[in-house]
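Structural characterization, general
Single-letter residue listing:
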Number of protein chains: 2
Amino acid sequence: MKLKYDKPAFLPTLRELVRCNQSFERFSGAHVRMLGLTPPQFDVIATLGNTEGMSCKELGEKTLITKGTLTGVLDRLEQRRLIERREDAADARRTQIALTPAGESLFVQVFPAHLAHLERAFSRLSGAELKQLQTGLAALHHALDKSIAVMNAD
Amino acid sequence: MKLKYDKPAFLPTLRELVRCNQSFERFSGAHVRMLGLTPPQFDVIATLGNTEGMSCKELGEKTLITKGTLTGVLDRLEQRRLIERREDAADARRTQIALTPAGESLFVQVFPAHLAHLERAFSRLSGAELKQLQTGLAALHHALDKSIAVMNAD
DNA sequence: TCACAATGCTTCGTACTAGAACAAAATTTA
DNA sequence: TAAATTTTGTTCTAGTACGAAGCATTGTGA
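Analysis parameters
Residues numbered from 1 in each chain as written. Chains lettered and ligands numbered in written order. Predicted model: local features only at pLDDT ≥ 70, side-chain atom pairs only at ≥ 80, totals over all residues. Contact = placed C-beta atoms within 7 Å. Helix = DSSP H or I, 4+ residues; strand = E, 2+ residues; numbered from the N terminus. Nonpolar A, V, L, I, M, F, W, Y, C, P; charged D, E, K, R; others polar. Pairing = 2+ DSSP bridges. Axes fitted to C-alpha atoms, helices over the stretch in contact; angles between N-to-C directions. Near = placed C-beta within 6 Å. Domains from an automatic or database assignment. Expected span 1.5 Å × (residues − 1). Buried ≥ 20, exposed ≤ 12 C-beta atoms within 10 Å, placed from the backbone. Parallel < 35°, antiparallel > 145°, perpendicular 65-115°, else oblique. Left-handed = near helix turned anticlockwise from the far one by under 90°.

**Here we look at the interface of chain B and chain A**
Contact residues are listed per partner, giving 51 residues for chain B and 51 residues for chain A. Counting residues per element, the ones that place at least two in the side of chain B that touches chain A are helix H1 (11–34), helix H5 (101–122) and helix H6 (127–153) of chain B. Ranked by residue count, the leading element in the side of chain B that touches chain A is H6(B), at 19 residues. Residue composition of the side of chain B that touches chain A, by class: 30 nonpolar, 11 polar and 10 charged.

In structure tokens, the structure reads:
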């Protein structure tokens, strides 16, 4: 029995969004693994690189890793001596997260390498195409965030 | 010490891609959970809905869930009696996966509901905007797949 | 006809995911 | 001033993710 409903106009765009992201995660993730990191670990190191450190809250906001998950990612990075946790003198609830010298060294190595890897794919698009895509993504991003706000207000 | 490198032109587009996808996953995932499913479980049910069933390989290709992971997702759906595994008469290596009547019933309920949920966000964009975004995503998707092929050839 | 290669699915190890609950600390309110 | 509320990070649970290895089956080639 075929379900009767009008095929929504946004489905082709949705499909491309999902497919595009799948390919991106696969292309990006495979390279990050070659660098000896997992994608979330890379995200954390990339976010901390060239900073004096930041709180878990701030780190979570920038990497978009939820706080329950972030604790575990930080645990493993700490275990590898790539980051360290410091007490915050002003607020005992807070932990300051910073790269260790080894972490900073790894950042200097992996960050440009990964950007170069990603550029191999992105440079297949022209500057105008990238600009236009960025505009469209920003619009959808904005629409989604508005809809999330509405959803959370219920 | 600040790392010296030219800021790649694609970074703003990359940032929007990641952000946009984050928001999408969050908006979509939250609703799917409200429906009592997890995102991968929903993906499988949505893919199987209105079909006579398909092989694990085919299902993996359509949902883009890797095969090791798919086995577990199917285990849990089978446990909830929403899908069933059948032998393939033509090839003993294959398993045919199909929705049970309960699974089909759930599909009829959740699929349009989720499409309606997603439409609330996507309808904030005009038809022309969606079309343009689709084009840009398809181009990037294509570029990524080409780069993946190059990467795998090494 | 048989050895070898490829395929399909499962198992395994390790890392992660989201969100609820929790405890400690800081802020707000009466 | 003290109770109530909010904030921060951790713990916990069920589910997931990837890719390698393994096993059974099918396909290929000499």
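**A short note on the sheet that holds strand E1 (residues 54–55) of chain A**
All names here are of chain A. Pairing is antiparallel in the open sheet, where three strands are placed in the order E1-E3-E2. Bordering the open sheet on either side are E1 and strand E2 (83–87), each of which pairs with just one other strand. Bridge analysis of E1 against strand E3 (residues 95–99) gives two bridges, and the strand direction is antiparallel. Within E3, the position partnered with Ser55 by the bridge is Gln96. On the sheet, helix H4 (residues 67–79) packs against E2 and E3 and is oriented at approximately 110° with respect to E2.

**Quick word on the protein's contact with DNA strand C**
Taken together, 26 residues lie near DNA strand C, and Thr38(A), Gly68(A), Cys56(B), Lys57(B) and Gly68(B) sit nearest. Per-element tally for the surface near DNA strand C: the top contributor is H4(A), with five residues. By residue class, the composition of the surface near DNA strand C is seven nonpolar, 11 polar and eight charged.

**Overview of the sheet that holds strand E2 (residues 83–87) of chain B**
Residue and element names in this part refer to chain B. Taken in spatial order, the three strands line up as E1-E3-E2 in an open sheet, and their pairing is antiparallel. Of all the strands in the sheet, the pair left with one neighbour each is strand E1 (54–55) and E2. Its contacts with the sheet put helix H4 (residues 67–79) on E2 and strand E3 (95–99), and the angle it makes with E2 is roughly 110°.

**Brief notes about the environment of Gly136(A)**
Take Gly136(A): it is sitting in helix H6 (residues 127–153). Those residues within four positions of Gly136(A) in sequence are excluded, and the remaining contacts are Glu129(B), Gln132(B), Leu133(B) and Gly136(B).

**With respect to the domain arrangement of chain A**
Each assigned domain of chain A is listed with its residue range as follows: domain 1 (31–123) and domain 2 (126–154). Computed from C-alpha atoms alone, the centre-to-centre distance between domain 1 of chain A and domain 2 of chain A is 26 Å.

**Some thoughts on the pairing of E3(A)**
Both E2(A) and E3(A) contribute to a ladder of five bridges, which runs antiparallel. Bridge pairing in E3(A) links Glu87(A) to Thr95(A).

**Describing H5(B)**
Between its terminal C-alpha atoms H5(B) stretches 31 Å, which fits the 32 Å expected from 22 residues at 1.5 Å a residue. All of the buried residues along H5(B) are Gly103(B), Leu106(B), Phe107(B), Val110(B), Leu118(B), Ala121(B) and Phe122(B).

**Here we look at the packing of H6(A) against H1(B)**
Running from N to C, H6(A) and H1(B) cross one another at 30°; their axes reach a closest spacing of 8 Å. Put simply, H6(A) runs roughly parallel to H1(B). Crossing hand, H6(A) versus H1(B): left-handed. Side by side, H6(A) and H1(B) meet where Leu130(A), Leu133(A), Gln134(A), Leu137(A), Ala138(A), Leu140(A), His141(A), Leu144(A), Asp145(A), Ser147(A), Ile148(A) and Met151(A) of the first sit next to Pro12(B), Thr13(B), Glu16(B), Leu17(B), Arg19(B), Cys20(B), Ser23(B), Phe24(B), Arg26(B), Phe27(B) and Ala30(B) of the second. A class-by-class count of the residues in the contact of H6(A) with H1(B) yields 14 nonpolar, five polar and four charged.

**What to know about the protein's contact with DNA strand D**
Taken together, 27 residues lie near DNA strand D, and Cys56(A), Lys57(A), Gly68(A), Thr38(B) and Gly68(B) sit nearest. Take the surface near DNA strand D: its biggest share by element is five residues, from H4(B). Class assignment of the residues belonging to the surface near DNA strand D gives a composition of seven nonpolar, 11 polar and nine charged.

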